[in-house]
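Topology and contacts: notes
Below, each chain spelled out in residue letters.
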Amino acid sequence: MRSRAREGFPTFITLEGIEGSGKTTQIRNLSRELRGLGLSVLETREPGGTRLGEAIRSLVLGTDFQEMTPLAELLLIGACRAQHVHELIRPALEMGKVVLCDRFSDATLAYQGYGRGLSLEEVRKVNEISSCGLAPGLTILLDCPVELGLNRSRGRLMREGKSKSEGRFESLDTAFHERVREAYLRMAREDERRFRVIDASRPLELVSEDVLNCVRQHLGV
Ligand code: TMP
């Protein structure tokens, strides 16, 4: 059984997409706009967010542990999420903040499930346990062709000298990233109430405008 039917937490908003789809820039712009409207906003990311989560991020994204199995990767990401929900996300939502999260459980289904080929049921189980049942009320999928996204992302890692410390997923082949993109699009089709798909191959300002409009409409602000 899937757990999609659960109502999401309305002010918990996630951004998803393949590498180089521009989530980080969009979250930064979006949180500035929402703060300008007088809302209290927490910007965070997965893997990461907490001190423990950032340590797990460097293990999972770094290239030091090439021997890491897909299951080990899944469980590390699950541990990161459990800490994130408990320490940061849940308390912020309870304080009335809008939480903008760069990736959440959908990324695990897309990357570890469809990308790595782990059992979707097992990935869903880990998602369920690690998120303590918390689900976003709105998910924005920034969609762009894999080649465009990978070029942007690999270029950024090179410029910032992070190919070794953060490049484990960027080093995977195009077929892996195509599976991830297709998985996201499929999840969006299967849950049209929660997902909004935005074409992220367009100029940044147009994408930002669409993201802001989606979120304003969703929050009613
Ligand atoms: P990003 O936050 O810079 O986009 O990179 C995070 C990387 O971690 C990205 O390559 C996808 C990967 N990831 C997973 O494989 N599974 C997950 O559940 C999450 C949150 C991220």
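In case you missed it, the structure is sitting above this.
Residues numbered from 1 in each chain as written. Predicted model: local features only at pLDDT ≥ 70, side-chain atom pairs only at ≥ 80, totals over all residues. Heavy atoms only, no water.

1. Looking at the site of the ligand
Around the ligand sit 14 residues in total, of which Glu19, Lys23, Arg103, Thr108 and Gln112 are the nearest. The contact in question runs from an oxygen atom of the ligand to an N or O atom on the side chain of Arg57, over 3.2 Å. Within the side chain of Gln112, a nitrogen or oxygen atom sits 2.8 Å from a nitrogen atom of the ligand. Across the complex, the protein chains shield 94% of the 480 Å² of accessible surface that the ligand would expose by itself. Here the ligand is seated within the largest pocket. Of all elements in the fold, only helix H2 (51-61), helix H3 (70-94) and helix H4 (105-115) reach the threshold of two or more residues within the shell around the ligand. (Near = heavy atom within 4 Å. Polar contact = N/O pair within 3.5 Å; in protein donor to acceptor, adjacent residues only side chain to side chain. Areas by Shrake-Rupley, 256 points an atom, 1.4 Å probe, with all protein chains shown as cover. 1 Å grid on protein atoms, 1.4 Å probe; cavity = no way out; pocket = protein on both sides within 12 Å on 5 of 7 lines; lining within 4 Å. Sits in = over half its atoms within 2 Å of the grid points. Helix = DSSP H or I, 4+ residues; strand = E, 2+ residues; numbered from the N terminus.)

2. Let's talk about unusual backbone geometry
Omega for the peptide link from Glu46 to Pro47 comes to -10°, which places this bond in the cis form. Along the chain, the position of Pro47 falls in the loop between strand S2 (41-45) and H2. Here Arg103, not a glycine, exhibits a phi torsion of approximately 80°, which is positive. With respect to the element layout, Arg103 can be found in the loop between strand S3 (98-102) and H4. Non-glycine residue Cys132 carries a positive phi angle of around 50°. Structurally, the position occupied by Cys132 is in the loop between helix H5 (120-130) and strand S4 (136-143). Under the relative-accessibility criterion, Cys132 is labelled exposed at 52%. (Buried < 20%, exposed > 50% of the residue type's maximum accessible area, 1.4 Å probe, protein only.)

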